[in-house]
Number of protein chains: 2
Amino acid sequence: MNIGDAAQRTGVSQRMIRHYEKIGLIPAPLRRDSGYRDYSVADVNRLRFIANARDLGFSIEEIGELLELWSDEHRASAEVKALALAKADELGRKVEALAAMRASLVHLARTCHGDDRPECPIIDSMSGERTAMTFEFAEDD
Amino acid sequence: MNIGDAAQRTGVSQRMIRHYEKIGLIPAPLRRDSGYRDYSVADVNRLRFIANARDLGFSIEEIGELLELWSDEHRASAEVKALALAKADELGRKVEALAAMRASLVHLARTCHGDDRPECPIIDSMSGERTAMTFEFAEDD
DNA sequence: ATAAAGCCTGACATCATGTCAGGGTCAAGA
DNA sequence: TCTTGACCCTGACATGATGTCAGGCTTTAT
């Protein structure tokens, strides 16, 4: 399929698809006589993965590592395992931090009566100097 | 305190602290006669928040909104509430997606035992249609 | 056969960050 | 007091991720 189709199906812009090809994150697809790139279902899946991972905050570099987890068949499985576990660990920490932040936001929302009166306890308590952010997510201090 | 101290205490580079000042994400601190910037505890808290949020994948723009949630006392609380809930929702989805990805990685690691390439559940879970793990802030329809 | 729509490459733009350079400032010791 | 190393300031250049626009072919539908 053409790049436009691939872009639409994956949510990755044509611009970025070409970019990912240039930096080697995805293999260069076959070209037709016209010079048009021709994508396969596998390419689409790879792009979808990249899009999802990107959404989740992974850097291009990390995505490259993740992709290798299952695309490099010659890799020693012990190495694969270590990498996967390291990533999982990292994700675990991120999940916790996000969940904590979310809880704080929910709490903030709950304590706002939500009417026209601009009165929000938490905001009030935080606009002072001592504000210490009642948000203790990720306090690695 | 000087910018170097502030940077060390917050994990935000001096370069970025100055940058955030320039784009208005943090207020311009007082200057000493020497021209040195002088940061307060409040500034440090703000920077810490920014660092954490950035780490969690929020864009500078989103962080600006988040900061306003508790720094703008004149905002109607209904608006504050809506924004907070929207963010919380977004975070909830992100948490789920990350948790799922983490689970896949753990599973991958577990099924990674011999010299054969292990089954890879990641492909299936991550290369599907972008519906369940898509985040609104990236789209506008 | 034409026009509309799609693809190609390449250049320029922006944003978040880093790093280096040239030049003041501070603080502690000789 | 003078020296020196650690710090700060501004500004410029670098890079990676993305967007958009331009000029020029290719496909497709009318």
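Residues numbered from 1 in each chain as written. Chains lettered and ligands numbered in written order. Predicted model: local features only at pLDDT ≥ 70, side-chain atom pairs only at ≥ 80, totals over all residues. Heavy atoms only, no water.

**Things to note about the overall build of chain A**
Looking only at helices and strands, one finds 6 helices and 2 strands in chain A. What you see in chain A, going N to C, is helices and strands ordered as α-α-β-β-α-α-α-α. Partitioning the contacts of chain A with sequence separation of at least 6, the portion at a separation of at least 24 is 41%. Only carbon and sulfur atoms are counted for the fraction: they give 48% of the accessible area of chain A, which is about 7,900 Å². (Helix = DSSP H or I, 4+ residues; strand = E, 2+ residues; numbered from the N terminus. Contact = heavy atoms within 4.5 Å. Areas by Shrake-Rupley, 256 points an atom, 1.4 Å probe, with all protein chains shown as cover.)

**Section: the environment of Ala53 of chain B**
Along the chain, the position of Ala53 of chain B falls in helix H3 (residues 41-55). A sequence separation of 13 residues divides Ala53 of chain B from Leu66 of chain B, and the C-alpha atoms of the two residues are 9.1 Å apart. When sequence neighbours within four positions are dropped, the list of residues in contact with Ala53 of chain B reads Met101 of chain A together with Phe58 and Ile63 of chain B.

**Concerning the protein's contact with DNA strand D**
In the neighbourhood of DNA strand D, 19 residues make up the surrounding shell, with Tyr20 and Ile60 of chain A together with Gly4, Arg18 and Arg37 of chain B lying closest. Counting only atoms of DNA strand D within 4 Å of the protein, the fraction found in sugar and phosphate groups is 75%. Take Gly4 of chain B: an N or O atom from its main chain is 2.7 Å from a phosphate oxygen of DNA strand D. In this structure, a phosphate oxygen belonging to DNA strand D sits 2.7 Å away from a side-chain N or O atom of Arg37 of chain B. The set of elements that each furnish at least two residues to the surface near DNA strand D consists of helix H2 (14-22) of chain A together with helix H1 (3-10) and helix H2 (14-22) of chain B. When residues in the surface near DNA strand D are grouped by element, the largest group, 4 residues, is from H2 of chain A. A per-class count over the surface near DNA strand D returns 6 nonpolar, 7 polar and 6 charged. (Near = heavy atom within 4 Å. Polar contact = N/O pair within 3.5 Å; in protein donor to acceptor, adjacent residues only side chain to side chain. Nonpolar A, V, L, I, M, F, W, Y, C, P; charged D, E, K, R; others polar.)

**With respect to the confidence of the model for chain A**
Per-residue pLDDT for chain A averages 74, and the proportion of residues at 70 or more is 70%. Note that pLDDT drops below 50 for residues 116-141 of chain A; the model gives that stretch 48 contacts with residues more than four away or on any other chain. (pLDDT = per-residue confidence, 0-100.)

**Structural notes on the protein's contact with DNA strand C**
Taken together, 18 residues surround DNA strand C, and among them Gly4, Arg18, Tyr36 and Arg37 of chain A together with Tyr20 of chain B come closest. Among all atoms of DNA strand C positioned within 4 Å of the protein, those belonging to sugar or phosphate total 74%. Contact between DNA strand C and Arg18 of chain A: a phosphate oxygen at 2.6 Å from a side-chain N or O atom of the residue. At 2.9 Å from a phosphate oxygen of DNA strand C is found a side-chain nitrogen or oxygen belonging to Ser13 of chain B. Elements that contribute at least two residues to the surface near DNA strand C include exactly helix H1 (3-10) and H2 of chain A together with H2 of chain B.

**A word on the pattern of salt bridges**
Under the defined criterion, the tally for this structure stands at 8 salt bridges over all chains. Across the pair Arg32 of chain A and Asp38 of chain A runs a salt bridge whose closest N-O atoms are separated by 3.2 Å. (Salt bridge = Lys/Arg side-chain N within 4 Å of Asp/Glu carboxyl O.)

**Focus on H1 of chain B**
All names here are of chain B. Residues of H1 that are buried: Ile3, Ala6, Ala7 and Thr10. Axial view of H1: buried residues confined to an arc of 100 degrees, hence all on one face. The elements touched by buried residues of H1 are H2, strand E2 (37-38) and H3. Positive phi shows up at Gly11, right after H1, with a value of about 80 degrees. (Buried < 20%, exposed > 50% of the residue type's maximum accessible area, 1.4 Å probe, protein only. Arc of directions from axis to C-beta.)

**Some details on the nonpolar core**
Formed by 63 residues in total, the largest nonpolar core has its most connected members in Ile17 and Phe58 of chain A together with Ile17 of chain B. If we ignore the near neighbours within four places in the chain, the residues touching Ile17 of chain A are Ile3, Ala6, Ala7, Val12, Ile26, Tyr39 and Leu47 of chain A. (Core = buried A, V, L, I, M, F, W, Y, C linked by side-chain atoms within 4.5 Å.)

**So, the packing of H1 of chain B against H2 of chain B**
Residues and elements named next belong to chain B. At their nearest, the axes of H1 and H2 sit 9 Å apart, and the two run at 100 degrees to each other. When the axis of H1 is compared with that of H2, the two are roughly perpendicular. Between H1 and H2, the contacting residues are Ile3, Gly4, Ala6 and Ala7 on the first element and Gln14, Ile17 and Arg18 on the second. (Axes fitted to C-alpha atoms, helices over the stretch in contact; angles between N-to-C directions. Parallel < 35°, antiparallel > 145°, perpendicular 65-115°, else oblique.)

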